[in-house]
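As a plain string of letters, each chain reads:
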Amino acid sequence: MRAAQDMVQGASLGRGVFVPIPTFFKDNEDLDFETLERHIKYLSNTGISGIIFLGSIGEAVHLSDAERIAVIEKGREFIQKYNPSLKAIAGASAGSARLSIQLAKDASKAGAEYALVLPPSYFKPSMSQDAIYEFFVRVADESPLPLVIYNYPGVTQGVDVEADTVVRLAKHHNIVGIKGTDGNVGKVGYLAGRIGPEDNFSLLAGSADFFLPALTMGAVGVVPGLGNVLPRACVELQRLYEGGKLKEAQKLQMQLVRPDDALARWFGNPGFKAGMNILLGYGGKPRNPLLPLSKDQAEMIAQAVNPGLEIERSLA
């Protein structure tokens, strides 16, 4: 059993499926740890490699610093209870290097083993590639946790960590991977051709809908929102590909595209939780200003995901 404080800088992230989970709330918007435990139990023995707290799906921007710490502490406790082999990754994104470093320190004390960090974007006109590079180097130099770059232009006003910047950052001893939610499969191939095993750097697809194409270009894992409902299916896709069963992997990939689209993108975070409520029997509501979906909208999502849920159950 690993203890977070025993982790060394640059500890390998490895390969596999790392599920970014929601932060669950009660009807009054207080944190709901009972549902958090229920969800970690659901995920814990499905073959996934880790759990990500406080990402975009985790509504990190809606939480206080104290709440962030509490979510990591309880999440780590539940991981230890149900499957201590799972890696605990925590979002530590902020508008400045100084604040990201503090969030990483807080996450480390709370039990996280890696920190997931977005590039800063509030002052977008000033975010040159040099500025982005210096930001990540500063955070990596001072973070007690190895960093995973979180490249998601959809939530950073279009700010993108460009391929050559990633190649440079991959040389840093305390930067161990990237979650590429930009959907750029060609970029995965470019990076795979320029980042070697000696760099200790994991290329992770940022969504289940392009997981197989990313694997063929050199990715070693995925961070799938869909994995909250279909974790075994995501794990199976990688198993099929790595086992040389490309046709079977292709078939499964095509079967996961619509469920992933429905759950993760049709209605954003409110749709994600609405779909979980029907499909898993829990999920709750997002925090204000995000509004819950109508019953009809939630049913649309569930109907689109249900074929994938049948696959999931067949793999149990």
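Note: the structure precedes this text.
In this text, all values refer to a predicted model and were calculated from it rather than measured experimentally.

Caption draft 1: Region of the structure containing the overall build of the protein. The secondary structure content of the protein amounts to eleven helices and eight strands. Taking the principal axes of its C-alpha atoms as reference, the protein extends roughly 45 × 45 × 45 Å. Each of the 316 residues in the protein was classed as buried or not, and the buried ones make up 56%. In the protein, the proportion of contacts linking residues at least 24 apart, taken out of those at least 6 apart, comes to 75%. Summed over its atoms, the accessible surface of the protein is roughly 13,400 Å², and 51% of this surface lies on carbon and sulfur atoms.

Caption draft 2: Inspection of the pairing of strand β6 (residues 175–180) at higher detail. Summarising burial for β6: six of the six residues are buried, a large majority. Two strands pair when backbone bridges link them, and strand β5 (residues 147–151) and β6 are joined in this way by five bridges, in the parallel orientation. Within β6, the position partnered with Ile149 by the bridge is Ile178. Taken together, β5, helix α5 (residues 163–169) and β6 constitute a β-α-β crossover, and its handedness is right-handed. For β6 and strand β7 (residues 202–205), the ladder comprises four bridges, and the chain directions are parallel. Looking at the pairing, Ile178 lines up with Leu203 of β7. Remark: the β6/helix α6 (residues 185–192)/β7 crossover connection has right-handed handedness.

Caption draft 3: Up close: the environment of Gly75. Residue position: Gly75 is located in helix α2 (residues 65–82). With residues up to four places along the chain from it excluded, the contact list for Gly75 reads Leu36, Ile40 and Phe53.

Caption draft 4: Layout of the packing of aromatic side chains. Following the criterion strictly, the structure yields four aromatic pairs and no others. Measuring from ring centre to ring centre gives 5.1 Å for Phe135 and Phe136, while their planes differ by 80°; the resulting arrangement is edge-to-face. Above the face of the Phe33 ring, Lys74 is positioned so that its terminal group lies 6.0 Å from the ring centre. Over the face of the ring belonging to Tyr133 we find Arg168, whose NZ or CZ atom lies 3.7 Å from the ring centre.

Caption draft 5: Highlighting the nonpolar core. The biggest cluster of nonpolar side chains holds 93 residues, and the ones touching the most others in it are Ile51, Phe53, Phe136, Phe201 and Val229. Not counting chain neighbours up to four residues away, the residues in contact with Phe53 comprise Ile21, Leu36, Ile40, Val71, Gly75, Arg76, Ile79, Ala88, Ile89, Ala90 and Gly91. Phe18, Leu116, Val148 and Leu204 belong to the second largest nonpolar core, which has 14 residues in total.

Caption draft 6: Fine view of the sheet that holds strand β4 (residues 114–117). One closed barrel holds the eight strands; their spatial order is β1-β2-β3-β4-β5-β6-β7-β8, and the pairing between them is parallel. Packing of α2 onto the sheet brings it into contact with β2 (50–53) and β3 (87–91), and relative to β2 it is tilted by some 165°. Here helix α4 (residues 129–142) sits on the sheet and contacts β4, β5 and β6; the angle it forms with β5, its principal contact strand, is near 150°.

Caption draft 7: Quick look at the packing of helix α9 (residues 246–264) against helix α11 (residues 295–315). Put simply, α9 and α11 touch, their axes get as near as 8 Å, and they point 145° apart. Where α9 crosses over α11, the two elements pack in a sense that is left-handed. Touching Leu252, Gln255, Arg258, Pro259, Ala262 and Leu263 of α9 are Ile301, Ala304, Val305, Gly308 and Ile311, all from α11.

Caption draft 8: Quick look at the pattern of salt bridges. Taken as a whole, this structure holds 16 salt bridges when the rule is applied. Glu37 is the salt-bridge partner of Lys81, the closest N and O atoms lying 2.7 Å from each other. Of the two residues, Lys81 is situated in helix α2 and Glu37 in helix α1 (residues 33–43); the sequence distance between them amounts to 44 residues. Among the salt bridges present, the one from Arg239 reaches Glu236, with a minimum N-O distance of 2.7 Å. Taken together, the positions of Arg239 and Glu236, both in helix α8 (residues 231–242) and three residues apart, correspond to about one turn of that helix. By relative accessible area, which is 16% here, Glu236 ends up buried. One connected set of salt bridges, linked through shared partners, spans Asp209, Asp260, Asp261 and Arg265.

Caption draft 9: Geometry of the environment of Asn28. With respect to the helices and strands, Asn28 occurs in the loop between β1 (16–20) and α1. Taking relative accessible area as the criterion, Asn28 reaches 51% and is therefore assigned exposed. Measuring from C-alpha to C-alpha, the distance between Asn28 and Lys285 comes to 9.8 Å, with 257 residues separating the pair along the chain.

Reading the values: rules and limits
Residues numbered from 1 in each chain as written. Predicted model: local features only at pLDDT ≥ 70, side-chain atom pairs only at ≥ 80, totals over all residues. Heavy atoms only, no water. Helix = DSSP H or I, 4+ residues; strand = E, 2+ residues; numbered from the N terminus. Buried < 20%, exposed > 50% of the residue type's maximum accessible area, 1.4 Å probe, protein only. Contact = heavy atoms within 4.5 Å. Areas by Shrake-Rupley, 256 points an atom, 1.4 Å probe, with all protein chains shown as cover. Pairing = 2+ DSSP bridges. Right-handed = clockwise from strand over helix to strand, strands pointing away. Phe/Tyr/Trp six-rings, centres within 6.5 Å; stacked < 30°, edge-to-face > 60°. Lys NZ or Arg CZ within 6 Å of the ring centre and 35° of its normal. Core = buried A, V, L, I, M, F, W, Y, C linked by side-chain atoms within 4.5 Å. Axes fitted to C-alpha atoms, helices over the stretch in contact; angles between N-to-C directions. Left-handed = near helix turned anticlockwise from the far one by under 90°. Salt bridge = Lys/Arg side-chain N within 4 Å of Asp/Glu carboxyl O.

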